[in-house]
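Structural characterization, general
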Amino acid sequence: MDFEFTQKNDYYLLRVNKDISGEADLNALKKVAREKIENQKIAKLAVSFARDSNFYSPLIAVLVQFLGFVKELDGTLIIVHPNPEMLDVLEMVGLGKLMVLRTSEDEIGTA
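My aim in this report is to walk through the structure given alongside it, one point at a time. Because the structure is a prediction, the values reported are computed rather than measured.

About the criteria used
- Residues numbered from 1 in each chain as written.
- Predicted model: local features only at pLDDT ≥ 70, side-chain atom pairs only at ≥ 80, totals over all residues.
- Heavy atoms only, no water.
- Core = buried A, V, L, I, M, F, W, Y, C linked by side-chain atoms within 4.5 Å.
- Buried < 20%, exposed > 50% of the residue type's maximum accessible area, 1.4 Å probe, protein only.
- Helix = DSSP H or I, 4+ residues; strand = E, 2+ residues; numbered from the N terminus.
- Contact = heavy atoms within 4.5 Å.
- Pairing = 2+ DSSP bridges.
- Axes fitted to C-alpha atoms, helices over the stretch in contact; angles between N-to-C directions.
- Phe/Tyr/Trp six-rings, centres within 6.5 Å; stacked < 30°, edge-to-face > 60°.
- Lys NZ or Arg CZ within 6 Å of the ring centre and 35° of its normal.

1. Some remarks on the nonpolar core
By size, the foremost hydrophobic cluster in this structure holds 30 residues, and its most contacted members are Leu14, Leu45, Phe49, Phe66 and Leu77. Those elements that place two or more of their residues in this core are strand E1 (3-8), strand E2 (11-16), helix H1 (27-40), strand E3 (44-48), helix H2 (57-72), strand E4 (76-80) and helix H3 (84-92). Looking at this core, the element that brings in the most residues is H2, giving eight residues. Apart from the residues within four sequence positions on either side, Phe66 is in contact with Leu14, Leu29, Ala33, Ile37, Leu45, Val47 and Leu77. Core analysis: the second largest hydrophobic core is formed by six residues, Leu13, Ala46, Ile78 and Val80 among them.

So this is what it looks like as structure tokens:
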């Protein structure tokens, strides 16, 4: 899986550089992100997806884990570039109100 960590304003940005599909192995993403979040006490995390990523159960589970990590630190999780399918799923499972949604990385850290 092709991803990177960088900083954007006062957030750590986890940028997923390629579309995620149902066959994607999310273990490396989960491991690296969890270690970074826990070791550096990251309370402000933004996750940016490639535009055509598919939203499927394992990916939702990863986002719920990320949300739990940052909420333990009284933080915020931002989802960047959610496509219409992602938006529908987030709303359907009740996560749309728990995460901040942004259409571009330029909006990270803005009110």
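2. Quick word on the sheet that holds E1
Taken together, the five strands give an open sheet; going across it, the order is E1-E2-E3-E4-E5, and neighbouring strands pair in mixed fashion. Bordering the open sheet on either side are E1 and strand E5 (100-102), each of which pairs with just one other strand. Neighbour to neighbour, the strand axes of the sheet diverge by 25° on average, direction disregarded. When E3 meets E4, the two strands line up parallel, connected through five bridges. Considered in E4, the bridge of Ser48 is made with Val80. Against the sheet, H1 makes contact with E1, E2 and E3, and its axis sits at roughly 30° relative to E1, the strand it touches most.

3. Brief notes about the side chain of Ser48
When you line up the elements, Ser48 lands in strand E3. Ser48 has contacts with Leu13, Leu14, Arg15, Val16, Val80, His81 and Glu105, leaving out every residue within four places of it along the chain.

4. Examining the environment of Leu29
Inspection of the secondary structure assignment puts Leu29 in helix H1. When the C-alpha atoms of Leu29 and Glu4 are compared, they prove to be 9.4 Å apart, with 25 residues separating the residues in sequence.

5. Quick look at the packing of aromatic side chains
Tallying each qualifying case throughout the model produces zero aromatic pairs. Here the basic side chain of Lys36 rests over the ring of Phe5, its NZ or CZ set 5.2 Å away from the ring centre.

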